[in-house]
Amino acid sequence: MNDDSKKNENCGIEFSEEIALPTRLGIFKAFSVKDDQGKEHMVVFKGEVRGKSNVLVRIHSECLTAEALGSLRCDCREQLEEALSKIEQSEGVVIYLRQEGRGIGLFNKVQAYYWQDKGLDTVEANRKLGLADDLRGYKIAADILKYLNINSIRLLTNNPEKLKGIKEYGIDVVARISTSVFPNKFNQKYLKVKEEKMDHLFPLS
Ligand SMILES: [Zn+2]
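Quick caveat, the model's predicted, so the values are computed rather than measured.

Quick look at empty space enclosed by the protein
Argument step 1. What the rule picks out here adds up to 1 cavity of 30 Å³ or more.
Argument step 2. The calculated volume of the largest cavity comes to roughly 410 Å³.
Argument step 3. Lining the largest cavity are 28 residues, with Cys76, Gly101, Arg102, Arg136 and Tyr190 sitting closest to its centre.
Argument step 4. Elements represented by at least two residues in the lining of the largest cavity include exactly β6 (55-61), α2 (76-89), α3 (106-117), α4 (122-128) and α7 (188-196).
Argument step 5. No other element matches α3, which puts 4 residues into the lining of the largest cavity.
Argument step 6. Each residue belonging to the lining of the largest cavity can be placed in one class, and the counts come to 7 nonpolar, 12 polar and 9 charged.

Next comes the structure, spelled out in structure tokens:
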């Protein structure tokens, strides 16, 4: 272990040093986190958020296909960029969790895409592969917020499960702020399933 890294002995989580992260969307600060499963995550933030209340927070799950490759099968990239732009305007935190494909992993996500191309929706495709609809967990996000000494947040999400998930670990969610939805020619079915089968709270349009 690097002597400089900060390990929380109680829960086996390691936090890297803080760095500057200049991006196309603004200049942020960032650090990495290694959870007790050895998974590595990223935290990007702006402002003096430590110890503050009612901090604007986005808990975002990795989507390699959209964010690195520009896939239009979902709207993860636009949602991530919206969150970064929002915290850039004032202050806040984006917790980027490496739980690809709603936690089923990249390989299974591609397998699920195959079944979606055969006519199944996202939920049905996961079931076809013997996987749950959504395997994501939010304990690490709560641990990161506790590390930053943030006890109450305004959460940027349309996902009621995420809202519930983060509250369960003792974080006070004082407000939910809707994320925009970014429809395109290819992701309409994906968005429809989120709304109809996964109870997403879509912003009124
Ligand atoms: Zn995506």
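Having seen the model, we can carry on.
Topic: the packing of aromatic side chains
Aromatic ring pairs are reported here in terms of the distance separating the ring centres and the angle at which the planes meet.
Argument step 1. Evaluated as defined, the whole model comprises 5 aromatic pairs.
Argument step 2. Note on Phe31 and Phe45: the rings are 6.0 Å apart at their centroids and 65° apart in plane angle, and the pair reads as edge-to-face. Taken together, the residues Phe31 in strand β4 (residues 26-34) and Phe45 in strand β5 (residues 40-46) connect sequence positions 14 residues apart.
Argument step 3. Exposure remark for Phe31: the relative accessible area of 2% places this residue in the buried category.
Argument step 4. Phe45 gets classed as buried once you look at its relative accessible area, which sits at 1%.
Argument step 5. What links up through ring pairs into an aromatic cluster is the set Phe15, Phe31, Phe45 and Tyr147.
Argument step 6. Geometry around Tyr113 places Arg73 over its ring, the cationic atom sitting 4.0 Å from the centre.
Argument step 7. Above the plane of the ring of Trp115 lies Lys128, whose end atom (NZ or CZ) is 4.5 Å from the centre.

Parameters at a glance
- Residue positions are given per chain, counting from 1 as you read along its sequence in written order.
- The predicted nature of this model means local features are confined to residues of pLDDT at least 70 and side-chain atom pairs, given and counted, to a pLDDT of 80 or more, with totals for whole chains, interfaces and linings taken over all residues.
- Side-chain metrics in this entry use all non-hydrogen atoms of the structure; hydrogen atoms and water are not considered.
- Method remark: on a 1 Å grid restricted to protein atoms, a set of points is classed as a cavity if a 1.4 Å probe fits but cannot get out and as a pocket if it is open with protein on both sides within 12 Å along at least five of seven lines; lining residues have an atom within 4 Å of a point.
- Grid points are joined across faces, edges and corners, and a volume is the space filled by probe spheres set on the points.
- Counting from the N terminus, the helices are the DSSP runs of H or I reaching at least four residues and the strands are the DSSP runs of E reaching at least two.
- The nonpolar class holds Ala, Val, Leu, Ile, Met, Phe, Trp, Tyr, Cys and Pro. Asp, Glu, Lys and Arg form the charged class, and all remaining residues, Gly among them, are polar.
- Aromatic contacts are taken between Phe, Tyr and Trp rings whose centres are within 6.5 Å, Trp giving its six-membered ring; a plane angle under 30 degrees counts as stacked, one over 60 as edge-to-face, and the others as tilted.
- Remark: exposure states derive from per-residue accessible area (1.4 Å probe, protein chains only) relative to the maximum for the residue type, with buried under 20%, exposed over 50%, and partly exposed in between.
- Cation placement over rings: the criterion is NZ of Lys or CZ of Arg within 6 Å of the ring centroid and within 35° of the ring normal.

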